[in-house]
Amino acid sequence: MSEQSNNQGRAYEYICLTTLCNEIGKLRRVEIEQNSAYNAAFHAWSLITPLFQNLLTESAKSAVATIFDMEPMIIEPSEDLLKLKIQTDNEGKDGDVRDIVISRKDVQWEIGLSLKHNHFAVKHSRLAKSLDFGKKWFGIPCSEKYWTDIKPVFDYLKTQKDSRRNWSELPHKDKDVYIPLLKAFIDEIMCSNNSNAEVPKRMVEYLLGEFDFYKVISIDSRRITQIQTYNLHGKLNQASKIAKPKIEVPIAYLPTRIVSLEFKPNSTNTVELYMDGGWQFSFRIHNASTKVETSLKFDIQIVGMPTTIISINCKWN
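Residues numbered from 1 in each chain as written. Predicted model: local features only at pLDDT ≥ 70, side-chain atom pairs only at ≥ 80, totals over all residues. Heavy atoms only, no water.

## As for the overall build of the chain
Reasoning step 1: Assigned secondary structure in the chain consists of 8 helices and 12 strands.
Reasoning step 2: Expected size for 317 residues packed as a compact globule is a radius of gyration near 20 Å; at 21 Å, the chain falls within 12% of this value.
Reasoning step 3: With the C-alpha coordinates aligned to their principal axes, the bounding extent of the chain is approximately 60 × 45 × 35 Å.
Reasoning step 4: Scored against the burial criterion, the 317 residues of the chain give a buried share of 52%.
Reasoning step 5: In the chain, the proportion of contacts linking residues at least 24 apart, taken out of those at least 6 apart, comes to 66%.
Reasoning step 6: Just so you have it, the chain exposes about 15500 Å², and 49% of that area is on carbon and sulfur atoms.
Reasoning step 7: Here the chain holds 41 positive side-chain charges and 39 negative ones, and the gap between their average locations is 2 Å. (Helix = DSSP H or I, 4+ residues; strand = E, 2+ residues; numbered from the N terminus. Rg over C-alpha atoms; globule rule 2.2 N^0.38 Å. Buried < 20%, exposed > 50% of the residue type's maximum accessible area, 1.4 Å probe, protein only. Contact = heavy atoms within 4.5 Å. Areas by Shrake-Rupley, 256 points an atom, 1.4 Å probe, with all protein chains shown as cover. Lys, Arg positive; Asp, Glu negative; His and termini not counted. Charge placed at Lys NZ, Arg CZ, Asp CG, Glu CD.)

Here you go:
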């Protein structure tokens, strides 16, 4: 991610948090936690132009009413304190994709928002010579066969790195890097899946996080903010003491089996994963810099979702 994209993302976190606080404050007690993530977001906000600040403000404002309609616990009249915070990088490292957490301690309730500015990517995980993706993704350490299969690829990349080669200078990167790495990746997932029926469920929990959340995506070119509901464990959309949600959010059940995992047609750097229940992901592997490195990054996209994950487009004023 470029520095500009990173600043825009953090600035969007700031204005979404501030807008929520202002609107909730009209109805009940609310407080923002002033942590290091908040300070970084405020700094990023100060770096963008007033014109872009106005654009992000419109985006944030358009989503608030819909969030309130789905989550009456936010606006329930009560004497307890509702807290808002931006998660630090450390908090969001393992199993938690939420950027903003909204919570009420007295009633043991919280929800989270994952914020995206003009993109839909899930995660940017890596493959590397000693990185055990199986253990990290679904709790099963990679096999000896996997380590044997990927060793020649990373040995080759180390040689090219030591020679200070650019990625564009590699003559046969598809054949020498992409294809063998992705074949080993596919084989390892399918082997683990054959021995443990929990692999599909665990993979989705890794890719989307173990906590239920709303994904809030600003799509500037269309002047809409899209809200997607990831209610995987039934924690979202709870009624308050005095009101039911105005918008019903169904539970989106996790997958139980892998239907197929194979190369995308006519592609040497992308594989597609199809699971039951409508879950579909693509994994495009690429070098994250101009110079050759001894690790590669995945651009992971959701290309298909269960019908129980609803998307709501909130138009800007």
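## A word on the sheet that holds strand β6 (residues 213–219)
Reasoning step 1: Spatially, 7 strands are ordered β1-β2-β3-β4-β6-β7-β12 in an open sheet, and the strand pairing comes out mixed. For this open sheet the edge positions go to β1 (30–32) and β12 (311–315), each flanked by a neighbour on one side alone. Going from strand to strand, the sheet's axes swing by 20° on average, the running direction of each strand aside.
Reasoning step 2: When β1 meets strand β2 (residues 82–86), the two strands line up parallel, connected through 3 bridges. Of the residues in β2, the one forming a bridge with V30 is L82.
Reasoning step 3: Helix α1 (residues 3–25) rests against β1, β2, β3 (100–104), β4 (109–117), β6 and β7 (224–230) of the sheet, and its axis sits at about 170° to β2.
Reasoning step 4: Those strands touched by helix α3 (residues 50–70) are β4, β6, β7 and β12, and its axis lies near 40° from that of β7. (Pairing = 2+ DSSP bridges. Axes fitted to C-alpha atoms, helices over the stretch in contact; angles between N-to-C directions.)

## Notes on the sheet that holds strand β5 (residues 126–128)
Reasoning step 1: Strand order in the open sheet formed by 5 strands is β5-β11-β10-β9-β8, with antiparallel pairing between adjacent strands. Of all the strands in the sheet, just β5 and β8 (258–263) have a single pairing partner and so form its edges. Here the average twist between neighbouring strands, direction ignored, is 20°.
Reasoning step 2: Here β8 runs beside strand β9 (residues 270–275); their pairing, made up of 5 bridges, is antiparallel.

## Brief notes about the pattern of salt bridges
Reasoning step 1: In this structure the tally under the stated criterion is 17 salt bridges.
Reasoning step 2: With a closest N to O distance of 2.9 Å, E110 and R98 form a salt bridge. With E110 in strand β4 and R98 in the loop between β2 and β3, this residue pair connects regions lying 12 residues apart in the sequence.
Reasoning step 3: For E110, a relative accessible area of 37% puts it in the partly exposed group. (Salt bridge = Lys/Arg side-chain N within 4 Å of Asp/Glu carboxyl O.)

## As for the pairing of β12
Reasoning step 1: Burial along β12 is one-sided: I312 and C314 are buried, while S311, N313 and K315, pointing the other way, are not.
Reasoning step 2: Here 5 bridges tie β7 to β12, and the two strands are oriented antiparallel to one another. Paired with Q228 across the two strands is S311, which belongs to β12.

## Considerations on the packing of helix α6 (residues 144–162) against helix α7 (residues 173–195)
Reasoning step 1: Where α6 meets α7, the axes come as close as 10 Å, and the angle between the chain directions of the two elements is 160°. In terms of axis orientation, α6 runs roughly antiparallel to α7. With respect to the hand of their crossing, α6 and α7 are arranged in left-handed fashion. Across from K145, Y146, D149, I150, V153, F154, Y156 and L157 in α6, the residues of α7 making contact are D176, V177, P180, L181, A184, F185, D187 and E188.
Reasoning step 2: Classifying every residue of the contact of α6 with α7 by side-chain character gives 11 nonpolar, no polar and 5 charged. (Parallel < 35°, antiparallel > 145°, perpendicular 65-115°, else oblique. Left-handed = near helix turned anticlockwise from the far one by under 90°. Nonpolar A, V, L, I, M, F, W, Y, C, P; charged D, E, K, R; others polar.)

## Section: the confidence of the model for the chain
Reasoning step 1: For the chain, per-residue confidence averages 94 on the pLDDT scale, and 98% of positions sit at 70 or higher.
Reasoning step 2: Least confident of the elements in the chain is strand β11 (residues 295–304), whose mean pLDDT is 92; most confident is β9, at 98. (pLDDT = per-residue confidence, 0-100.)

## Remarks on the nonpolar core
Reasoning step 1: Counting residues in hydrophobic clusters, the biggest one holds 49 residues, and the most contacted among them are W137, F185, F281 and F283.
Reasoning step 2: At the level of secondary structure, the elements contributing two or more residues to this core comprise α5 (133–138), α6, α7, α8 (199–208), β8, β9, β10 (280–286) and β11.
Reasoning step 3: When residues in this core are grouped by element, the largest group, 8 residues, is from α7.
Reasoning step 4: Those residues in contact with W137 that sit more than four places away from it in its chain are S125, F185, R202, M203, Y206, F283, F298 and I300.
Reasoning step 5: C21, A37, I48 and L236 belong to the second-largest nonpolar core, a separate cluster that totals 43 residues. (Core = buried A, V, L, I, M, F, W, Y, C linked by side-chain atoms within 4.5 Å.)

## Focus: the packing of α1 against α3
Reasoning step 1: As a packed pair, α1 and α3 sit with axes 9 Å apart at the nearest point and diverge in direction by 50°. In this view, α1 runs oblique relative to α3, as classed from their interaxial angle. In this structure, the crossing between α1 and α3 has a hand that is right-handed. On the side of α1, the interface is formed by Q8, A11, Y12, I15, C16, T19, L20, E23 and I24, while α3 contributes F52, L56, T57, S59, A60, K61, V64 and F68.
Reasoning step 2: Tallied by class, the residues present in the contact of α1 with α3 amount to 11 nonpolar, 4 polar and 2 charged.

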